Amino acid sequence: MTEIILTPVGKIDIMIEAEVIIPDIFASKSTDEIKNLLVWQGPKQLPLSDFFDVKGNAASSPQETSIVIDGDVTRVKRIGAGMTAGKIKINGSAGMHVGSEMNGGEIVVTGDVESWAGMEMKGGLLHIMGNGKDHIGCAYRGSWHGMTGGRILIDGNAVSQLGGGMSGGEIVVTGSVENFCGIRQNAGLIVVKGDANRGVGAEMSGGTIVVTGHIKNFLPGFEYVDTQSDLTFDDITCQGDFLQFSGDHAIVARTKGALYVSKNANEGL
């Protein structure tokens, strides 16, 4: 796999939108051609070389193209948006919309991500080794369907509306989440290995949510179904005893989702 290294230069004041940073666009281009790709900063289009030092040439196909961003890019939005193949590794934190609408390939962020990471994702892997903010794997404003495929791994914590409108795929959070995890979920799998604050599964009509920690404020629209032990979802395992609930019965829908909650961490339910 051929590697292109982007190193941030200077300080970015107004955020830039850099959806050109994907293997699909870099493939078959020389170093100079990559440098001259245009990104948006406010109302202006500027060459990528205004913000990054570029080294290396791309492979002939996206599948064989690897992009390494060596530094913090929290002021850069839409990295990896819509990518279908190849790899992106960010050695630092990333800005909003990283991996939004991606169809395939792999993105690894060694730091944190801003909001809307993996928005309406369709395939591929987005691995966040730090923490994530709001709306990860979520539906865009005005849409009812969030991610429909692929996998998002978050080694740290996430904030609010994780997997909002989720319609497929998998999200696994090693840490904790805050508010309205899985709101309006209708398919797919969300696993939270830490705690959750409130609103878990609000208005969900399908799919599965597993919380192996404590839910601070449990929604009244869920009905107890059964108690199960050591859950397995393909290669994802959740050990322990879990209370299974169906819901959200607060909404009118023919189907309901499944919510599994750690029995030991939620003795009051």
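To continue, consider the overall build of the protein. Each helix and strand counted, the protein has two helices and 19 strands in total. For a compact globule of 269 residues, the expected C-alpha radius of gyration is about 18 Å, and the protein comes in at 20 Å, within 12% of that figure. Across its three principal axes, the protein shows a C-alpha extent of roughly 60 × 35 × 30 Å. When the 269 residues of the protein are sorted by exposure, 52% land in the buried category. A sequence separation of at least 24 residues applies to 38% of the contacts in the protein between residues at least 6 apart. Carbon and sulfur atoms make up 46% of the accessible area of the protein, which totals about 11,400 Å². Of the charged side chains in the protein, 21 are positive and 31 negative; the average position of the first set lies 5 Å away from that of the second.

A few words now on the sheet that holds strand S4 (residues 44-47). Within a beta sheet, neighbouring strands are joined by backbone hydrogen bonds and run either parallel or antiparallel to one another. An order of S4-S3-S2-S7 is seen for the four strands of this open sheet, with the pairing classed as mixed. On the outer flanks of this sheet lie S4 and strand S7 (76-77), each paired with one strand and no other. Here strand S3 (residues 38-41) runs beside S4; their pairing, made up of four bridges, is antiparallel. Its bridge partner lying in S4, Leu 38 is registered against Pro 47.

The biggest cluster of nonpolar side chains holds 59 residues, and the ones touching the most others in it are Ile 21, Phe 26, Phe 52 and Leu 162. Those residues in contact with Phe 52 that sit more than four places away from it in its chain are Leu 6, Thr 7, Pro 8, Val 9, Ile 16, Ile 21, Ile 69, Val 73 and Val 76. Within the second largest apolar cluster, eleven residues are counted, among which are Val 210, Phe 233, Ile 236 and Cys 238.

A few words now on the side chain of Arg 78. Summarising the element assignment, Arg 78 is placed in the loop between S7 and strand S8 (87-90). Side chain to side chain, Arg 78 and Glu 19 meet in a polar contact 3.4 Å long. With residues up to four places along the chain from it excluded, the contact list for Arg 78 reads Glu 17, Ala 18, Glu 19, Met 96, His 97 and Glu 101.

Turning next to unusual backbone geometry. The amide bond that connects Gly 247 to the next residue, Asp 248, takes the cis arrangement and shows omega of 10 degrees. By the secondary structure assignment, Asp 248 is in the loop between strand S18 (236-247) and strand S19 (257-262). Although it is not a glycine, Glu 203 sits at a positive phi angle of roughly 65 degrees. Within the secondary structure layout, Glu 203 lies in the loop between strand S14 (196-198) and strand S15 (206-211). When its relative accessible area of 40% is taken as the criterion, Glu 203 is described as partly exposed.

Let us now look at the state of the cysteines. Across all of its chains, the model carries zero disulfides by this definition. Cysteine Cys 138 is unpaired, with the sulfur of Cys 181 as its nearest cysteine sulfur at 11 Å.

This next bit is on the environment of Gly 257. Assignment of secondary structure puts Gly 257 in strand S19. Overall, the relative accessible area of 4% leaves Gly 257 in the buried class. A sequence separation of 249 residues divides Gly 257 from Pro 8, and the C-alpha atoms of the two residues are 44 Å apart. Apart from residues lying up to four places away in sequence, Gly 257 is in contact with Met 204, Ser 205, Gly 206, Gly 207, Phe 245, Ser 246 and Gly 247.

We now examine the pattern of salt bridges. Under the criterion given, the structure shown has six salt bridges. Here Glu 17 ties to Lys 77 by a salt bridge, and the two come within 3.5 Å at their closest N and O atoms. You can see Glu 17 sitting in strand S2 (residues 16-17) and its partner Lys 77 sitting in strand S7, a full 60 residues away along the chain. When its relative accessible area of 18% is taken as the criterion, Lys 77 is described as buried.

All right, on to the environment of Asn 264 then. Of note, Asn 264 is situated in the segment after S19. C-alpha separation for the pair Asn 264 and Gly 240, spaced 24 residues apart in sequence, amounts to 8.3 Å.

For Val 109, the position within the fold is in strand S9 (residues 106-109). On the basis of relative accessible area, Val 109 is assigned to the buried category, the value being 0%. Setting aside residues no more than four positions away along its own chain, Val 109 makes contact with Ile 90, Gly 92, Ser 93, Ala 94, His 127, Ile 128, Met 129 and Gly 130.

Take the side chain of Ser 167 next. With respect to the helices and strands, the residue Ser 167 is situated in strand S12 (residues 167-173). Looking at Ser 167, the relative accessible area reads 18%, which means it is buried. At 2.8 Å, the side chain of Ser 167 forms a polar contact with the side chain of His 145. Within the local environment of Ser 167, its side chain forms a polar contact with the backbone oxygen of Gly 165, the two atoms lying 3.1 Å apart. In this view, Ser 167 contacts His 145, Gly 146, Met 147, Thr 148, Asn 186, Ala 187 and Gly 188; residues no more than four positions away in its chain are not counted.

The rules behind the values
Residues numbered from 1 in each chain as written. Predicted model: local features only at pLDDT ≥ 70, side-chain atom pairs only at ≥ 80, totals over all residues. Heavy atoms only, no water. Helix = DSSP H or I, 4+ residues; strand = E, 2+ residues; numbered from the N terminus. Rg over C-alpha atoms; globule rule 2.2 N^0.38 Å. Buried < 20%, exposed > 50% of the residue type's maximum accessible area, 1.4 Å probe, protein only. Contact = heavy atoms within 4.5 Å. Areas by Shrake-Rupley, 256 points an atom, 1.4 Å probe, with all protein chains shown as cover. Lys, Arg positive; Asp, Glu negative; His and termini not counted. Charge placed at Lys NZ, Arg CZ, Asp CG, Glu CD. Pairing = 2+ DSSP bridges. Core = buried A, V, L, I, M, F, W, Y, C linked by side-chain atoms within 4.5 Å. Polar contact = N/O pair within 3.5 Å; in protein donor to acceptor, adjacent residues only side chain to side chain. Disulfide = S-S within 2.5 Å. Salt bridge = Lys/Arg side-chain N within 4 Å of Asp/Glu carboxyl O.

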